[in-house]
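Next come the chains, spelled out residue by residue.
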Number of protein chains: 2
Amino acid sequence: MPLIAHPQSMAFEAPLALTSGASIAGYTLAYETYGQLNADRSNAVLVCHALNASHHVAGVYEGQSKSEGWWDNMIGPGKPVDTDRFFVIGVNNLGSCFGSTGPMHANPATGRPYGADFPVVTVEDWVNAQARLLDALGIESLAAVMGGSLGGMQALSWTLQYPQRVRHAVVVASAPNLNAENIAFNEVARRAIVTDPDFHGGHFYGHGVVPKRGLRIARMIGHITYLSDDVMNEKFGRQLREGISPKYSTQDVEFQIESYLRYQGDKFSEYFDANTYLLITRALDYFDPAGRHGGSLAQALAQAQAKFLLVSFSTDWRFSPARSREIVKALLDNRRDVSYAEIDAPHGHDAFLLEDPRYHAVVRSFFERIGSGVAA
Amino acid sequence: MPLIAHPQSMAFEAPLALTSGASIAGYTLAYETYGQLNADRSNAVLVCHALNASHHVAGVYEGQSKSEGWWDNMIGPGKPVDTDRFFVIGVNNLGSCFGSTGPMHANPATGRPYGADFPVVTVEDWVNAQARLLDALGIESLAAVMGGSLGGMQALSWTLQYPQRVRHAVVVASAPNLNAENIAFNEVARRAIVTDPDFHGGHFYGHGVVPKRGLRIARMIGHITYLSDDVMNEKFGRQLREGISPKYSTQDVEFQIESYLRYQGDKFSEYFDANTYLLITRALDYFDPAGRHGGSLAQALAQAQAKFLLVSFSTDWRFSPARSREIVKALLDNRRDVSYAEIDAPHGHDAFLLEDPRYHAVVRSFFERIGSGVAA
């Protein structure tokens, strides 16, 4: 019997002060929980999401058989993060377009959608908002916080912002900050959205249009960076879409890879919010704990008290293993308890979402260690 | 005293049959020559250009001090390709926007600009057009053909289409075909152009607009792939453009790398033709000599008779050293005379245009060897 997920939401009335100096008035967070919080409230695991995901981490919605959560292969009864043992919380971040307050919602100051006026939110702001949700759920301390990619940055930031509230942190396919190339790809995607005439300066909601051209380009760029060269060659290579002879056209789809990318772009443009895309890529750009310590990651991570598991994937060129090793080294410089696994996987950055036996075994074993210190 | 370049052009009245099955009616090629053709016409070197370059390979235009040709550091009096010894020819390819017949010129069938109706041209078509130019210049055989990137593909194709007319080939930072990731980047750039409302299906000339949004995005993506991760981090890193504190904005320029990319995109959109961009990226996509030999590059290159120099650059991730080594191996499988240099350079794909002493020494030495077999 599959795990059934129940979306919930919680409204917060007190304004939240943001890194930028602005603050956001009352807001709502969408979240889901799986499993049972134990009596001493010591088995809570918070899962943070990356760019394109949400609070719907695991399970399916009642009567919707193909509605698996984005990390359903990792989290559930008997899975590496075992919901028979842990109380798992998925939360949708502020500014997202999947249920929490975001740019498409009404700005209380104007009564109209925030649009481009939604305040810029950072990884640190998200962590603060998540901490308030935990307060409301009566959870003082997390058995673990975990996430992949941008979600891993949030997990890392939790250990720095609330070192006393995090006993373990699992940081997968992540990085201590974006490098220039990462920022560059984000910027091209943003320019594609912002220069789409249907963007209307971010206030497109009132015009009855969506900057789909820009969203499509943004997603196509994203997909290239999520996949490894190897897996792209293996899945698509130079295969033509139709027949064996090219049509010799500049605009038609000729190669399979073009068809795949166009499909991914089209699909994304149907459901993702353009302002959210800008906000989330900016949160990525700005994340840089070392930046507040003169560039020293070791100094920045000195605040962390948690035990860590870091995982990277050999063919991930978006956040390469070298970036994870920077975090591992900075933690070891501080004599922190850190496990690190570099998984030899062909799938590039996307590997963190896929079911790889070695990867899942490493996470399972880490959570068994956590579970052994937690009351049933 | 600098080398003075003189742009020339030659009109061809006979139609040229194209790979696609179409043909192009009368057309003009822009070209330049440097140095003197010797008495037995044995010292000619043809230089083929890549995406964004032209027939203006070396020297400056009279009275225009900053008008150096795109490979001026390589070609000129006393330079690695010494114009005191060789007669060097630069030619602008069909479909380009720098002087040869292209999409912005009148289609004789309609009297209006070709626009998107300009026939798709391939690397092989360009080589055929270049061969006609050599015929007209009275050059039966080339001492060498050379090019970098897409230009290197033309040089390679010369040795297959006209094996008897090429004594040496210099193929720099090139590849035997595009892989899926290369095609993917081209496709995103093309979609950005084609979906720009100012593209008007490729017939924007009559609307008094230019699809600059799309061209900017295309160029930004290109620039990311031309540079190495290392050089991007070294040149830009995470440096903010102004001051030391971010402005927390989704649309303003925050990081130096954003400013650089926007500048490159803006500049490109002022002078490059959108239809030419589509044509040239498609020529890249379609190039695949092995494809006509069941995927065997060794079989494809069996036709080559030239002596080869291949050069690649360690940090080039667009056309990595591994791609050059595929060509080297296929030539060695055919017992061809091939020299190969893998230059340890930090600049990525762009390295082929830069002045690196080891790289230039390798090319100089190869041309000295060529020169020793050529009458003065």
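Residues numbered from 1 in each chain as written. Chains lettered and ligands numbered in written order. Predicted model: local features only at pLDDT ≥ 70, side-chain atom pairs only at ≥ 80, totals over all residues. Heavy atoms only, no water.

Further remarks concern the overall build of chain A. When helices and strands are counted, chain A shows ten helices and 14 strands. A compact globule built from 376 residues would reach a C-alpha radius of gyration of about 21 Å, and chain A, at 21 Å, matches this within 12%. Taken over the C-alpha atoms alone, chain A extends approximately 65 × 50 × 50 Å along its principal axes. Split into buried and exposed, the 376 residues of chain A put 61% on the buried side. Here the contacts in chain A between residues at least 6 apart in sequence split such that 72% fall between residues at least 24 apart. (Helix = DSSP H or I, 4+ residues; strand = E, 2+ residues; numbered from the N terminus. Rg over C-alpha atoms; globule rule 2.2 N^0.38 Å. Buried < 20%, exposed > 50% of the residue type's maximum accessible area, 1.4 Å probe, protein only. Contact = heavy atoms within 4.5 Å.)

The subject of this paragraph is the sheet that holds strand S5 (residues 27–34) of chain A. Residue and element names in this part refer to chain A. The strand order across the open sheet formed by eight strands is S2-S5-S10-S6-S11-S12-S13-S14, and the pairing between neighbours is mixed. With partners counted over all chains shown, the strands left at the sheet margins are strand S2 (8–12) and strand S14 (338–343), one partner each. Shown here is a sheet whose adjacent strand axes are inclined to one another by a mean of 20°, direction ignored. Where S2 lies against S5, five bridges are found, and the strand directions are antiparallel. Counted as the bridge partner of Gln8 is Tyr31 from S5. With respect to the sheet, helix H2 (residues 150–161) is in contact with strand S6 (44–48), strand S11 (144–148), strand S12 (168–172) and strand S13 (307–313), its orientation differing from that of S11 by roughly 150°. (Pairing = 2+ DSSP bridges. Axes fitted to C-alpha atoms, helices over the stretch in contact; angles between N-to-C directions.)

Opposite the 56 residues of chain A that make contact, chain B presents 56 residues. It is Arg238, Tyr248 and Thr250 of chain A in chain A that bury the most area against chain B; as a group they hold 16% of the surface buried on that side. Linking chain A with chain B are eight salt bridges, by the criterion used here. Notably, a salt bridge pairs Arg190 of chain A with Glu258 of chain B, separated by 2.7 Å at the nearest N-O pair. Scanning the region where chain A abuts chain B turns up 28 residue pairs in polar contact (both at pLDDT 80 or more). The set of elements that each furnish at least two residues to the side of chain A that touches chain B consists of helix H3 (180–194), helix H4 (212–226), helix H5 (229–235), helix H6 (256–271) and helix H7 (274–286) of chain A. Among the elements that make up the side of chain A that touches chain B, the one with the highest residue count is H3 of chain A (eleven residues). Its residues assigned to classes, the side of chain A that touches chain B comprises 29 nonpolar, twelve polar and 15 charged. (Buried area = accessible area lost by both parts, 1.4 Å probe. Salt bridge = Lys/Arg side-chain N within 4 Å of Asp/Glu carboxyl O. Polar contact = N/O pair within 3.5 Å; in protein donor to acceptor, adjacent residues only side chain to side chain. Nonpolar A, V, L, I, M, F, W, Y, C, P; charged D, E, K, R; others polar.)

This next bit is on the confidence of the model for chain A. In the predicted model, chain A carries a mean pLDDT of 96, and 100% of its residues have values of at least 70. Scoring the predicted complex yields pTM 0.97 and, for the interface, ipTM 0.95. (pLDDT = per-residue confidence, 0-100.)

Rotating chain A by 180° and translating it 0.0 Å along the rotation axis places it on chain B, where the RMSD comes to 0.0 Å. Taken together, the turn and the small shift mark the pair as related by a two-fold rotation axis. A symmetric contact is evident, with 100% of the interface residues of chain A recurring at the interface of chain B. (Least-squares fit on C-alpha atoms with pLDDT ≥ 70 in both.)

So, about the UniProt feature "binding site: substrate" (unreviewed entry) in chain A. Residue and element names in this part refer to chain A. When the UniProt feature table is mapped onto this chain numbering, "binding site: substrate" (unreviewed entry) sits at Arg219 and Asp350. The annotated residues occupy 132 residues of the chain but converge on a single region, no pair of C-alpha atoms lying more than 13.9 Å apart. Following the sequence through the fold, Arg219 ends up in helix H4. Apart from residues lying up to four places away in sequence, Arg219 is in contact with Asn52, Tyr226, Gln264, Gly265, Phe268 and Tyr271. Relative to the elements of secondary structure, Asp350 occurs in the loop between S14 and helix H10 (357–371). Beyond its immediate stretch of four places on either side in the chain, Asp350 contacts Tyr226 and Leu227. (UniProt positions renumbered as here; feature names shortened; annotations may be inferred.)

As a further point, take the UniProt feature "active site" (unreviewed entry) in chain A. Residues and elements named next belong to chain A. According to UniProt, the feature "active site" (unreviewed entry) maps to Ser149, Asp316 and His349 in the numbering used here. In terms of the greatest pairwise C-alpha distance, the residues named above, spread along 201 residues, form a tight cluster of at most 10.7 Å across. Residue placement: Asp316 occurs in the loop between S13 and helix H9 (321–333). On the basis of relative accessible area, Asp316 is assigned to the buried category, the value being 2%. Among all residues touching Asp316, those that are not within four sequence positions of it are Ala173, Pro321, Gly348 and His349. A polar contact is formed between the side chain of Asp316 and the backbone nitrogen of Phe319, at a distance of 2.9 Å. Tracing the backbone shows His349 in the loop between S14 and H10. What makes His349 buried here is its relative accessible area of 2%.

Turning our eyes to something else, we now look at helix H10 (residues 357–371) of chain B. Residues and elements named next belong to chain B. The terminal C-alpha atoms of H10, which comprises 15 residues, lie 20 Å apart, in line with the 21 Å expected from a rise of 1.5 Å per residue. Three or more residues of H10 are buried, namely Tyr359, His360, Val363, Phe366, Phe367, Ile370 and Gly371. Looking down the long axis of H10, one finds its buried residues gathered within 140° of arc, a one-sided arrangement. Contact partners of the buried residues in H10: strand S6 (44–48), strand S9 (81–82), strand S11 (144–148), strand S12 (168–172), strand S13 (307–313) and strand S14 (338–343). (Expected span 1.5 Å × (residues − 1). Arc of directions from axis to C-beta.)

Residues and elements named next belong to chain B. Interaxial distance between helix H4 (residues 212–226) and helix H6 (residues 256–271) falls to 8 Å at its minimum, and their mutual angle equals 130°. Here H6 runs oblique to H4, going by the angle between their axes. The chirality of how H4 crosses H6 is right-handed. Contacts between H4 and H6 involve Lys212, Leu215, Arg216, Arg219, Met220, His223 and Ile224 from the first element and Tyr260, Leu261, Arg262, Gln264, Gly265, Asp266, Phe268, Ser269, Glu270 and Tyr271 from the second. Among the residues making up the contact of H4 with H6, the classes are represented as seven nonpolar, four polar and six charged. (Parallel < 35°, antiparallel > 145°, perpendicular 65-115°, else oblique. Left-handed = near helix turned anticlockwise from the far one by under 90°.)

The next subject is the pattern of salt bridges. Enumeration according to the criterion identifies 38 salt bridges over all chains in this entry. One continuous salt-bridge network, built from bridges that share partners, spans Glu187, Arg190, Arg282 and Asp285 of chain A together with Glu258 and Arg262 of chain B.

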